[in-house]
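The chain contents come next:
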Amino acid sequence: MPALTKAQKKLAQAAEDSFNRTYAVQFGEERWQQSLYPALTAPTRYAALTNRFIVPDLDGVFSQEQIAKMQAITFPTISYIPESNPLKSYQWDVSEAETTFPQPQPDASTGLLTHWNLDAASLLAVSILKPKPGDKVLDLCAAPGGKSLALSQLLRPGDYNNATPSLGGGCLHSNEVNTGRNKRLASNLQSYLPATFFKTGEVKVLKLDGAEPSSAQTLPLGPGGYDKVLLDAPCSSERHVIHAHTKAKKSGRAADEMTSWRSGQSKKIAKVQVALLMTALRAVRVGGQVLYATCSLSNDENDGVVEKAIELVQKECKKLGIKRDFAVRSAELGAYGLEAWAEPTKHGWLVLPDHPSGGRWGPLFFTLLEKVETK
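Bear in mind the structure is a predicted one, so any value in this text is a computation, not a measurement.

K.L.:
Break down the pairing of strand β4 (residues 115–118) for me, with residues and values.
P.N.:
Residues His115 and Asn117 point to one face of β4 and Trp116 and Leu118 to the other, with burial holding for every one of them. Two elements, strand β1 (residues 47–50) and β4, share four bridges in a ladder whose sense is antiparallel. Bridged to Thr50 within β4 is His115.

K.L.:
Could you give an account of the sheet that holds β4, with specific residues and numbers?
P.N.:
Pairing is antiparallel across the open sheet formed by four strands, whose spatial order is β2-β3-β1-β4. Pairing within the sheet leaves two strands with one partner each, and these edge strands are β2 (70–72) and β4. In this sheet, adjacent strand axes meet at a mean angle of 30° when their direction is disregarded. Sheet analysis places β2 next to strand β3 (residues 89–92), joined by three bridges and oriented antiparallel. From the neighbouring strand, Gln71 faces β3, where its bridge partner is Gln91. In the packing of helix α5 (residues 120–129) onto the sheet, the strands contacted are β1, β3 and β4, and the crossing angle to β4 comes to about 105°.

K.L.:
Can you explain helix α6 (residues 146–155)? Please cite residues and give values.
P.N.:
Counting buried positions along α6 gives 10 out of 10 residues, so the element sits mostly inside the fold. Those residues of α6 that sit buried are Gly146, Lys147, Ser148, Leu149, Ala150, Leu151, Ser152, Gln153, Leu154 and Leu155.

K.L.:
I'd love a proper account of the pattern of salt bridges, names of residues and values included.
P.N.:
Summed over the entire model, instances satisfying the criterion amount to 16 salt bridges. For Glu316, the salt bridge is made with Arg282, and the minimal N-O distance between the two is 2.9 Å. Here Glu316, found in helix α12 (residues 303–320), pairs with Arg282, found in helix α11 (residues 265–283); they are 34 residues apart in sequence, far enough to count as distant. Judged by relative accessible area, which is 23%, Arg282 ranks as partly exposed. Glu307 is the partner of Lys346 in a salt bridge, and the nearest nitrogen-oxygen pair spans 2.9 Å.

K.L.:
An account of the packing of aromatic side chains is needed here, citing residue identities and associated values.
P.N.:
Using the criterion set out here, one finds 13 aromatic pairs in the structure. With centroids separated by 5.1 Å and ring planes inclined at 70°, the aromatic side chains of Phe19 and Trp261 adopt a geometry described as edge-to-face. Separated by 242 residues along the polypeptide, Phe19 in helix α1 (residues 6–27) and Trp261 in the loop between α10 (256–259) and α11 bring together distant segments of the chain. Each member of the pair Phe19 and Trp261 is classed as buried. Here the aromatic rings of Phe27 and Trp32 are separated by 6.4 Å at their centres, their planes lie at 15°, and the arrangement is stacked. Both residues of the pair, Phe27 and Trp32, count as buried. Taken together, Phe19, Tyr23, Phe27, Trp32, Tyr37 and Trp261 form an aromatic cluster joined through their ring pairs.

K.L.:
How would you explain the packing of α1 against helix α9 (residues 238–250) if you had to name every residue and give the values?
P.N.:
It is the contact of α1 with α9, at a shortest axis distance of 13 Å, that shows an interaxial angle of 145°. Crossing handedness for the pair α1 and α9: left-handed. Contacts between α1 and α9 involve Glu16, Phe19 and Tyr23 on the former and, on the latter, Glu238, Val241, Ile242, His245 and Lys249. A breakdown of the residues in the contact of α1 with α9 according to their chemical character gives four nonpolar, one polar and three charged.

K.L.:
A description of the packing of α5 against α6 should follow, citing residues and the corresponding values.
P.N.:
Taken N-terminus to C-terminus, the directions of α5 and α6 make an angle of 40°; their axes are 10 Å apart at the nearest point. Here α5 and α6 pass one another in a crossing that is right-handed. Contact residues: Ser122, Leu123, Val126 and Leu129 in α5; Lys147, Ala150, Leu151 and Leu154 in α6. Looking at the contact of α5 with α6, its residues break down into six nonpolar, one polar and one charged.

K.L.:
Outline α1, listing residues and values.
P.N.:
Taking 1.5 Å per residue, 22 residues should reach 32 Å; α1 reaches 31 Å between its end C-alpha atoms and fits that length. Within α1, the full set of buried residues consists of Ala12, Ala15, Glu16, Ser18, Phe19, Asn20, Tyr23, Ala24 and Phe27. On the buried face of α1, the contacting elements are α2 (29–41), α9, α10, α11 and β12 (349–351). One or two residues past the end of α1 sits Gly28, with phi positive at roughly 95°.

K.L.:
Break down the side chain of Ser296 for me, with residues and values.
P.N.:
Among the structural elements, Ser296 can be located in the loop between β9 (284–294) and α12. Owing to a relative accessible area of 0%, Ser296 belongs among the buried residues under this scheme. Polar contacts involving the side chain of Ser296 include one to the side chain of Glu301, which spans 3.5 Å. Setting aside chain neighbours within four positions, we find Ser296 in contact with Cys235, Ser236, Glu238, Glu301, Asn302 and Leu350.

K.L.:
Before we move on, could you go through the environment of Asn188 and cite the residues and values that matter?
P.N.:
Summarising the element assignment, Asn188 is placed in helix α7 (residues 179–192). When its relative accessible area of 17% is taken as the criterion, Asn188 is described as buried. Placed 165 residues apart in sequence, Asn188 and Pro353 show a C-alpha to C-alpha distance of 27 Å.

Here is what the cut-offs are and how they apply
- Residues numbered from 1 in each chain as written.
- Predicted model: local features only at pLDDT ≥ 70, side-chain atom pairs only at ≥ 80, totals over all residues.
- Heavy atoms only, no water.
- Buried < 20%, exposed > 50% of the residue type's maximum accessible area, 1.4 Å probe, protein only.
- Helix = DSSP H or I, 4+ residues; strand = E, 2+ residues; numbered from the N terminus.
- Pairing = 2+ DSSP bridges.
- Axes fitted to C-alpha atoms, helices over the stretch in contact; angles between N-to-C directions.
- Contact = heavy atoms within 4.5 Å.
- Salt bridge = Lys/Arg side-chain N within 4 Å of Asp/Glu carboxyl O.
- Phe/Tyr/Trp six-rings, centres within 6.5 Å; stacked < 30°, edge-to-face > 60°.
- Left-handed = near helix turned anticlockwise from the far one by under 90°.
- Nonpolar A, V, L, I, M, F, W, Y, C, P; charged D, E, K, R; others polar.
- Expected span 1.5 Å × (residues − 1).
- Polar contact = N/O pair within 3.5 Å; in protein donor to acceptor, adjacent residues only side chain to side chain.

See the structure below:
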């Protein structure tokens, strides 16, 4: 590839400078330059979520040498998650260089895949939403499916030796509007979950545009039909931008992800995120909960989206004469030890790879909202 022209170099440098200024303002110049940006530049760290629908034996998936370097991940103790039904996931010992586990393999007896590699911050978010057997759950932006797999495992009763698995009377509806990603989502879930779930309708893959104002009306259970809703919204994904930029820079190129980045794009993306969160809030029942998450660093896409959505809900309810609101439950979660994973924000929690724990997870912002009646 030809070397960059002076004009291209100038454009690339201007984009990089703007990017760094924006996040140095939010996180502080010293932290951004000395710890957070370097941590974001490092390779993404992964955890392995075991597929409990086949109860894989680690000896059959990983070598003895690998197992010796692995540690079980312990999530904060949320009192209402049954101890008999935790998410079983593993990390490399933090002193080890590995960041990615071996690729999943088909189980000899069922054909289902053995494990899913993902950022442990995603599993933390699922554990905070705490679905339980019998719950009706919507994963609104579900592709590629790792969080849906984790949700399904918490939905299943603890009888893992039962030859006919079920979700305890509950269901999981996983949605993705993009055609290609929807096909991948369906294929992934079929590769990990028992076929009986799809035959009984306990698990369904949907293809709805969650940003459309009327989309809650077209959900299988309709408005207010779900106990729990997970919304891991599309976002700016700054770590992806940084990784693409770092790789391109080493070879004397400019990454499109960085050169096309603009400081105001988060506000545009936030409008879609607000629309998606409004659908999630309409979909959940009174007393039910919504977990909103992004992998963005931007306040506009995180706390800002929560504030705007709650403002719109209040206006909508007032207009319709409905006595209803959403309580932000995130602050209450601090009692369960979230500080070991994340730092609090105005309305939620932010997992960052420079966290003092040394976990190197994230970025992931999440907040927990509960639909409540008002007087």
